[in-house]
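Residue-level structural notes
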Amino acid sequence: MSDTTSATAGPRGGPPEEQGPLGPRIQAFRRRAGLSQEAAASRAGISTRALRDIERGRAHRPRPGTLRGLAEPLGLSGDELADLLTAARSGPPRDTGRPRLLILGPLALRRGRTPVPVTGPMLRRLLGLLALKHPEPATQQEITDILWPSGPPHSHPSLIHTYVSQARRLLAPCGPRSAPQPTVARTPTGYRLEAPRNQIDLGHFDELLARAEPLHRTPDPETRYASLTEALRCWRGPVLADADPVLRRHPAAVAAEERRVRAALLHADTALLLGRSGEAVPVLADLVNAEPLHEGLHARLVLALAGSGEQAAALQVFTRLRVRLDEELGIEPGAEIREAHLRVLRRQLPGARRPDHRTATRSAPTQSAPTHHAPALHAPAHHGPVPGTPAPGTETRRESAHREPVLPAATHRTPAHPAPAHRTAAVGPPPAQLPAGVRMHVGRRPHVRVLETLVATDPVRRPHLAVLVGAPGVGKTALATHWAHARREHFADGQLFVDLRGHSRLPALRPADVLAQFLRALGVPPHALPENSANPGNPGNSGNDDEAAALYRTLLADRRVLIVLDNARDAEQVRPLIPGAPGCAVVITSRSRLAGLVSADGARRIALDVLDPDEGCRLLGSIVGACNVAAEEEAARRLVELCGGLPLAIRIAGANLVARDTSIADHCAELAGDDILGRLRIEGDGRSTVRSAFELSYRTLPDEARRMFRLLGQLPGPELTVDAAAALAGSTPAASAALLARLADAHLVREKAGRFALDVLLRSYARELIGADEAHTARCRLLLSPARGPVRRGTGPDNCSGSYAGSAGSRA
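Per-chain numbering applies: the sequence of each chain, read as written, is numbered from 1 onward. pLDDT decides what is reported in this predicted model: residues at 70 or higher carry local features, side-chain atom pairs at 80 or more are listed and counted, and totals for whole chains, interfaces and linings draw on all residues regardless. Side-chain measures were taken over the full set of non-hydrogen atoms in the model, leaving aside hydrogen atoms and water.

In this section: the overall build of the chain. Elements are defined by DSSP. Helices are runs of H or I of four residues or more, strands are runs of E of two residues or more, and each kind is numbered from the N terminus. Along the backbone of the chain there are 41 helices and 13 strands. Each residue's exposure class comes from its accessible area (1.4 Å probe, protein chains only) as a fraction of the maximum for that residue type: buried when under 20%, exposed when over 50%, partly exposed otherwise. With 812 residues in all, the chain has 51% of them scored as buried. Contacts are assigned to residue pairs with any non-hydrogen atoms lying within 4.5 Å of each other. Considering only contacts in the chain between residues 6 or more positions apart, those separated by 24 or more positions represent 70%.

So this is what it looks like as structure tokens:
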């Protein structure tokens, strides 16, 4: 297909109402004629600004004289001009008066061209949530959680009804009803925003993206590029940029941001293919600020800058990313960004050249024409000929002399074997279940280096299972999700995540329950699930559970999927969820040591400890501001010490500092008093309390282990031996050793070289739990035990039992 044919087929592919927006069609005609906006406007006798407004959709109904003036310089045929005139006459009126809700940026409501003020934080939250969920309803509980994150008042049902009524009045038409108007409708479970998708900018963006994505399989990159350009123009900033964090972190908002990234990647690939590198730079530059660790965006920005003649700026982008990855994650850049960097150094830059059909359709992948075995979340897959190539048998002698421009290399590998039948049966996008990760993550560089082995290029060095273990609140889930987000492009077939509730107030999930969730996420229809997996709540024989596990392993056999199993109780809970596929990786977090997975399953065990003072101050600075920490450095280090270096406690203390607008020194004075655990909490958030995190571990212990933990809080020093614990509990050393080992396995005590210790906050928690009579009896037992002898003989510093016996005895 020649250039002229390709450009003409797009704008004249159907009736005016089905041919897409008027502006992109005129833009396609101008590019077909090989004219810039300035040249076309000058020959048509109009201003460049007028033509720019038409192409960008700001002038919906250009005058007929303007279109006739453009006909000659653009080389329009009579039919093409007639189509444009018809489209202009049937286009939307200048001011329809219909409301349009905008959430891709700050929340805004417009009626035609007139902005409508939306006052009141509750009304803005409600409208933002309904627009995010559109066209699905928002449940009553969901609305309650968004409107009152700290807990609803008793009258919240009537208040919700009041805010819904206000939203309906705001959306009501001012004049006569010419078409169905948006409103808020009641559903059996909550409320739904009833409106056409194009009256919400997110819905309009999704329609344009859905129209553009199938076009990557067709030889018409111009039409795809026009749709993607218009789709990305809907974005004025992050989703609900002026809303509360609880709404910005809503799963629907996170998913919308991911679709924005996907559109930007496809837009950049198409721009590079068409030789318009400079037009992709502004979009990519905005997004790399919002996604500072996304290597796919950086790789395309490097190539786009280099393709537009900014090689120095392209190299600076790579250098900044490499430094950031090293400082924050302790890792090196991935293969995709390294390949882009090398192409800039070798001057293998993308240019305005048409791709060659023969290069694009080779069976073996090459450097300049990568293939993907499955669509990646952030890297659009190309199946068959590369977009923009002529159909087989129609290539001309002139076109065959050109070659495909250099595009970013994929980080994924094409499988050596064809995909099994079940791969083609699955429907829907790859699962992307990772929860929102923390933006700022400090320390943990040795631990990240171990996690990096999960994506090692050498199969011999690459394990498939890593276990993150540590005390409650030490940051296991934060590290797992942070690393998973940074490395999700290595897992093109998706990411699975589940909270196993091993330490939770809710019942722990059974493997069969999780298998059912994962199988549905992998595209297995409900009728194809094994019986127990289809009804996980019903007990049954283990045969169906084994069948579900076998189907799970079969589905993952040739895929690259990351599975994050959070909050595991024990090894038996996770073993059925570990696939045998070499391309998959599993990250497990647990408060238990899970030693069985290390011995029997070859897991890499990564033990997390509390942060050191410098890392704790950096974490505090990420919350309250590095300048504030630097101004009160001594007080900041004291605050980290009071928090025992525990990341959860530091984050809570930092959040309270921001909320109360007090100095770090004053907050240290508050925490240094009694009931430090009572102050390390956030009002209205039951999960943001250190005491609650400790309690979940304590409640899983057997009675004897609980008693031992309570008694250990009576020892003021940092360490004790088995003999001292036996004297304190009035039991034998063998029994005490078993109980201490149980506490160490739960990470409630620290074990090193035969000695055991409690961290500062855990010791405070243990002292809260013990009664006065139990504490007095334990101290008396320790005072009267033979373990006090070494202290009187002067060898106390070398004998942990005697040292603590003397100290506890003096207190008694």
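On average, residues of the chain carry a pLDDT of 77, and 78% of them reach 70 or more. Every residue carries a pLDDT, the predictor's confidence in it, which falls somewhere between 0 and 100. Predicted confidence for residues 1-20 stays below pLDDT 50, and this span has 35 contacts to residues more than four positions away or in other chains. Ignoring residues within four places in sequence, the model shows residues 788-812, a span with pLDDT below 50, making 37 contacts including any to other chains.

Turning next to the packing of helix H8 (residues 140-147) against helix H9 (residues 156-171). Where H8 meets H9, the axes come as close as 11 Å, and the angle between the chain directions of the two elements is 90°. In terms of axis orientation, H8 runs roughly perpendicular to H9. Here H8 contributes Gln140, Ile143, Thr144 and Leu147 to the contact with H9, which in turn contributes His156, Pro157, Ile160 and Tyr163. Asp, Glu, Lys and Arg are counted as charged, while Ala, Val, Leu, Ile, Met, Phe, Trp, Tyr, Cys and Pro are counted as nonpolar; the rest, among them Gly, fall into the polar class. Residues that form the contact of H8 with H9 fall into these classes: five nonpolar, three polar and no charged. Working convention: axes come from line fits to C-alpha atoms, limited for helices to the stretch in contact. Angles between N-to-C directions cover 0 to 180 degrees. Put simply, angles under 35 degrees are roughly parallel, angles over 145 are roughly antiparallel, angles from 65 to 115 are roughly perpendicular, and the rest are oblique.

Another aspect to go through is the packing of aromatic side chains. Here a pair means two rings of Phe, Tyr or Trp (six-membered ring of Trp) with centres within 6.5 Å. Their orientation is stacked below 30 degrees between planes, edge-to-face above 60, and tilted elsewhere. Tallied over the full model, the rule gives seven aromatic pairs. With centroids separated by 6.1 Å and ring planes inclined at 45°, the aromatic side chains of phenylalanine 709 and tyrosine 765 adopt a geometry described as tilted. Taken together, the positions of phenylalanine 709 in helix H35 (residues 703-712) and tyrosine 765 in helix H38 (residues 760-769) put the pair 56 residues apart, joining distant regions of the chain. An identical accessibility class is assigned to phenylalanine 709 and tyrosine 765; each is buried. Each member of the aromatic cluster is reached from another via a ring pair, and the members are Phe694, Tyr698, Phe709 and Tyr765. A ring has a charge above it when a Lys NZ or an Arg CZ is no more than 6 Å from the ring centre and no more than 35 degrees off the ring normal. Here the basic side chain of arginine 186 rests over the ring of tyrosine 191, its NZ or CZ set 4.7 Å away from the ring centre. In this arrangement the basic side chain of arginine 706 is found over the ring face of tyrosine 698, its NZ or CZ atom lying 5.4 Å from the centre.

If a probe the size of a water molecule is rolled over the atoms, the empty space left behind becomes visible. Put simply, the grid is 1 Å and covers the protein atoms alone, a cavity is a trapped set of points that fit a 1.4 Å probe, a pocket is an open set with protein on both sides within 12 Å along at least five of seven lines, and lining residues have an atom within 4 Å of a point. Grid points are joined across faces, edges and corners, and a volume is the space filled by probe spheres set on the points. Counted by the stated rule, this structure contains eight cavities of 30 Å³ or more. Per-element tally for the lining of the largest cavity: the top contributor is H38, with three residues. The residue makeup of the lining of the largest cavity, split by class, is nine nonpolar, one polar and one charged.

Within the fold, proline 733 resides in helix H37 (residues 733-745). Counting along the chain gives 10 residues from proline 733 to aspartate 723, while the straight-line C-alpha distance between them is 5.8 Å.

What follows deals with H9. The span you would expect from a helix comes to 1.5 Å times its residue count less one. Across its 16 residues, H9 extends 23 Å between first and last C-alpha, which sits within 8% of the 22 Å expected from 1.5 Å per residue. Residues of H9 that are buried: Ile160, Tyr163, Val164, Ser165, Ala167, Leu170 and Leu171.

To continue, consider the packing of helix H3 (residues 37-44) against helix H5 (residues 64-74). Direction vectors running N to C along H3 and H5 enclose 120°, while the axes themselves pass 8 Å from each other. As the angle between them shows, H3 and H5 are arranged oblique. Crossing handedness for the pair H3 and H5: right-handed. Each of Ala40, Arg43 and Ala44 in H3 lies in contact with H5, whose residues at this interface are Gly69, Leu70, Pro73 and Leu74. In terms of residue class, the contact of H3 with H5 is built from five nonpolar, one polar and one charged. Helix crossings fall into two classes, left-handed where the near helix is turned counterclockwise from the far one by less than a right angle and right-handed where it is turned clockwise.

Next up on the list: the pattern of salt bridges. We count a salt bridge whenever a side-chain nitrogen from Lys or Arg sits within 4 Å of a carboxyl oxygen from Asp or Glu. A complete count under the given rule lists 32 salt bridges for this structure. In this structure, arginine 31 engages glutamate 279 in a salt bridge whose closest nitrogen and oxygen atoms are separated by 3.3 Å. You can see arginine 31 sitting in helix H2 (residues 22-33) and its partner glutamate 279 sitting in helix H14 (residues 277-290), a full 248 residues away along the chain. The partner of arginine 192 in a salt bridge is glutamate 194, with the nearest N and O atoms 3.0 Å apart. Residue arginine 192 is classed as partly exposed on the basis of its relative accessible area, which comes to 25%. Here the salt bridges share partners, and the residues they tie into one network are Arg197, Asp206 and Arg259.

A few words on the environment of alanine 659. By the element assignment, alanine 659 lies in helix H31 (residues 647-660). A relative accessible area of 66% places alanine 659 in the exposed class. A C-alpha to C-alpha distance of 9.8 Å links alanine 659 and valine 624, two positions 35 residues apart in sequence.

Another point: the sheet that holds strand S9 (residues 562-568). Two strands are said to pair when DSSP picks up at least two bridges between them. Strand order in the open sheet made by the five strands is S8-S9-S10-S7-S11, with parallel pairing throughout. Edge positions in the open sheet fall to strand S8 (495-499) and strand S11 (604-608), since each of these has one partner strand only. Strand-to-strand twist of the sheet, defined as the mean angle between neighbouring strand axes without regard to direction, takes the value 15°. Pairing of S8 with S9, which is carried by five bridges, proceeds in the parallel orientation. From the neighbouring strand, glutamine 495 faces S9, where its bridge partner is leucine 562.

Okay, helix H32 (residues 664-671) next. The complete set of buried residues in H32 reads Ile664, His667, Cys668 and Leu671. Seen end-on, H32 carries its buried residues on one side only, within an arc spanning 105°. Turning to H32, the residues buried within the fold contact helix H28 (613-624), helix H29 (626-631), helix H30 (633-642), H31 and helix H33 (676-679). An arc is given here, and it is the one of the directions from the helix axis to the C-beta atoms.

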